[in-house]
Amino acid sequence: MLILNQTDLTPASFILNGIPGLEDIQVWISFPFCSMYVVAMAGNCGLLYLICYKDTLHRPMYYFLAMLSLTDLVMCSSTIPKALCIFWFQLKEIQFDECLVQMFFIHTFTGMESGVLMLMALDRYVAICYPLRYSTILTNSLIAKIGLTTFLRGVLLILPFTFLTKRLPYCRGNIIPHTYCDHMSVAKLSCGNVKVNAIYGLMVALLIGGFDILCITISYTMILRAVISLSSADAQQKAFSTCTAHICAIVFSYSPAFFSFFSHRFGGHTIPPSCHIIVANIYLLLPPTMNPIVYGVKTKQIRDCVMRILSGSKDTKSHSI
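Fair warning: this is a prediction, and the values are worked out from it, not measured in the lab.

Reading the values: rules and limits
- Residues numbered from 1 in each chain as written.
- Predicted model: local features only at pLDDT ≥ 70, side-chain atom pairs only at ≥ 80, totals over all residues.
- Heavy atoms only, no water.
- Helix = DSSP H or I, 4+ residues; strand = E, 2+ residues; numbered from the N terminus.
- Rg over C-alpha atoms; globule rule 2.2 N^0.38 Å.
- Buried < 20%, exposed > 50% of the residue type's maximum accessible area, 1.4 Å probe, protein only.
- Contact = heavy atoms within 4.5 Å.
- Pairing = 2+ DSSP bridges.
- pLDDT = per-residue confidence, 0-100.
- Axes fitted to C-alpha atoms, helices over the stretch in contact; angles between N-to-C directions.
- Parallel < 35°, antiparallel > 145°, perpendicular 65-115°, else oblique.
- Left-handed = near helix turned anticlockwise from the far one by under 90°.
- Nonpolar A, V, L, I, M, F, W, Y, C, P; charged D, E, K, R; others polar.
- UniProt positions renumbered as here; feature names shortened; annotations may be inferred.
- Disulfide = S-S within 2.5 Å.
- Expected span 1.5 Å × (residues − 1).
- Bend = angle between axes of the 7 residues up to and from the residue.
- Salt bridge = Lys/Arg side-chain N within 4 Å of Asp/Glu carboxyl O.

Visitor: Can you break down the overall build of the chain residue by residue, with the values?
Guide: A count of helical and extended segments in the chain gives twelve helices and three strands. For 321 residues, the compact-globule estimate of 2.2 N^0.38 gives 20 Å, and the C-alpha radius of gyration of the chain, at 22 Å, lies within 12% of that figure. Along the three orthogonal principal directions, the C-alpha set of the chain runs to about 70 × 55 × 40 Å. Every one of the 321 residues in the chain was classed for burial, and the buried ones make up 45%. Long-range contacts, defined here as pairs at least 24 residues apart, represent 78% of the contacts in the chain between residues at least 6 apart.

Visitor: A description of the pairing of strand E1 (residues 13-16) should follow, citing residues and the corresponding values.
Guide: As judged from the three bridges shared by E1 and strand E2 (residues 93-95), these two strands associate in the antiparallel manner. Residue pairing in the sheet places serine 13 in a bridge with glutamine 95 of E2. Pairing geometry for E1 and strand E3 (residues 175-176), over two bridges, is parallel. By the bridge assignment, leucine 16 is partnered in E3 with isoleucine 176.

Visitor: Mind laying out the confidence of the model for the chain, listing which residues take part and the relevant values?
Guide: The share of residues in the chain with pLDDT of 70 or more is 92%, and the mean pLDDT across the chain is 90. Model confidence for the chain, summarised as mean pLDDT per element, is weakest for helix H12 (residues 300-320) at 70 and strongest for helix H2 (residues 60-77) at 97. Between residues 1-7, whose pLDDT stays under 50, and residues either more than four places distant or in other chains, the model counts twelve contacts. Counting interchain partners and residues more than four positions distant, the pLDDT-below-50 stretch residues 314-321 has zero contacts.

Visitor: I'd like a description of the packing of helix H1 (residues 26-53) against helix H11 (residues 273-298), backed by residues and values.
Guide: Where H1 contacts H11, the axes come no closer than 8 Å and their chain directions differ by 45°. Regarding the angle of H1 to H11, the classification is oblique. The hand of the H1/H11 crossing is left-handed. Along its contact with H1, which presents Phe33, Met36, Tyr37, Val39, Ala40, Gly43, Asn44 and Leu47, the element H11 presents Asn281, Leu285, Leu286, Pro288, Thr289, Pro292 and Ile293. The class makeup of the residues in the contact of H1 with H11 is eleven nonpolar, four polar and no charged.

Visitor: Any chance you could break down the UniProt feature "transmembrane region" (unreviewed entry) in the chain for me, citing the residues and the numbers?
Guide: In the numbering used here, UniProt assigns the "transmembrane region" (unreviewed entry) feature to residues 27-50, 62-89, 101-122, 142-164 and 198-223. The distance from the first to the last C-alpha atom of residues 27-50 is 35 Å, and the span holds 100% helix and 0% strand. Annotated as residues 101-122, this span is 100% helix and 0% strand, and its ends, taken at the C-alpha atoms, are 31 Å apart.

Visitor: Quick one: what's the story with the state of the cysteines, residue by residue and with numbers?
Guide: Counted under the stated rule, the structure contains two disulfides. Here cysteine 99 is linked by a disulfide to cysteine 181, with a sulfur-sulfur distance of 2.0 Å. Across the disulfide from cysteine 99 to cysteine 181, rotation about the S-S bond amounts to roughly -125°, and the bridge is consequently left-handed. You can see cysteine 99 sitting in helix H4 (residues 96-129) and its partner cysteine 181 sitting in the loop between E3 and helix H7 (183-187), a full 82 residues away along the chain. Note on accessibility: cysteine 99 and cysteine 181 belong to one class, buried. At a sulfur-sulfur separation of 1.9 Å, the disulfide partner of cysteine 171 is cysteine 191. Residue cysteine 171 is found in the loop between helix H6 (140-166) and E3, and its partner cysteine 191 is found in the loop between H7 and helix H8 (195-228); the two are separated by 20 residues along the sequence.

Visitor: So, the sheet that holds E3: which residues are in play, and what are the values?
Guide: Strand order in the open sheet made by the three strands is E2-E1-E3, with mixed pairing throughout. Bordering the open sheet on either side are E2 and E3, each of which pairs with just one other strand. Against the sheet, H4 engages E1, E2 and E3, with an angle of about 85° to E2.

Visitor: Tell me about the packing of H2 against H6, and please be specific about residues and values.
Guide: At a minimum axis separation of 11 Å, H2 and H6 run at an interaxial angle of 25°. Taken together, the axes of H2 and H6 lie roughly parallel to each other. With respect to the hand of their crossing, H2 and H6 are arranged in right-handed fashion. Side by side, H2 and H6 meet where Pro60, Tyr63, Phe64 and Met67 of the first sit next to Asn140, Ile143, Ile146 and Gly147 of the second.

Visitor: Talk me through H8; I want residue IDs and the actual numbers.
Guide: Compared with an ideal rise of 1.5 Å per residue, which puts 34 residues at 50 Å, H8 spans 48 Å between its outermost C-alpha atoms and is within 8% of the ideal. Along H8, the helix axis deviates most sharply at leucine 206, where the bend reaches about 25°. Listing the buried residues of H8 in full gives Asn197, Tyr200, Val204, Ile208, Gly209, Asp212, Cys215, Ile216, Ser219, Tyr220, Ile223 and Val227.

Visitor: Which residues make up the pattern of salt bridges, and what are the values?
Guide: Per the counting criterion, the structure on display carries four salt bridges. Close ionic contact of aspartate 123 with arginine 124 constitutes a salt bridge, the shortest N to O distance being 2.9 Å. An identical accessibility class is assigned to aspartate 123 and arginine 124; each is buried. Its salt-bridge partner being aspartate 212, residue arginine 153 comes within 2.9 Å of it at the nearest N-O pair. Here the residue arginine 153 occupies a position in helix H6, and aspartate 212 occupies one in helix H8, the gap between them amounting to 59 residues. Taking relative accessible area as the criterion, arginine 153 reaches 19% and is therefore assigned buried.

Visitor: Quick one: what's the story with the side chain of histidine 107, residue by residue and with numbers?
Guide: When you line up the elements, histidine 107 lands in helix H4. Residue class for histidine 107 comes out buried when judged on its relative accessible area of 17%.

Set out below in structure tokens:
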């Protein structure tokens, strides 16, 4: 039942309806979602532990990786627990203000994810193009400042979403065909003018995503030029290998985003809504799940730290026996 405040037509709560058209199999869909979430939590918490307590990882590259892990933890934790409650226990109701808070966290930290990937591209550019000045250019003070700036950029650009959404009158029901409170999914329930919301949303996407992709493209163009100019094939391969994990992170993050963006605009009538919802969840879940795995496999220093911990635990057990 829709409960409305008679003065401003603000609903007391919304109903998150999960994945439309797939209600009968949502329980089965929940198992891969839950498995990926557990891997994401364990992997990112493990990375943060290693970076905090291992002196060999106190370097700019790993500080940026710590930012990425923190962002991934918040991003997937903002959506997946609620989605699992919908799938398993039919707990679909979410209070209006809670919906706005969830929307703020989701959009802020997806913007933060994009920003951190951009900063990591700049880190790789400095490491390859100016290796002798790497530690003097990327000081701890500079890393803290640009990390804070990236976070504040997301907060300041996303905060208006909550006010633009809160001001709308809602008289088209309170059922959101989604697993979380997405900005436009909520705005579409309004009987007011949502043109400002749509225009501002597109502007934010261009300011954050467009700017970050441009910086990443420029960084890798400069990296490619620098690597090609190296005379040794071994040096070229070594330089490229330092970028492999970051390139994988970019692919995992931007591929679902591009699919969602273009399918909404060019395939909205041919692609079923359930596909859009699943991809939207993958967009928030795939990067947090895969980033720790990729960096754990591709980064020698992280592999060595993990192997030392595992070998140390084995040694302890053998001595106790």
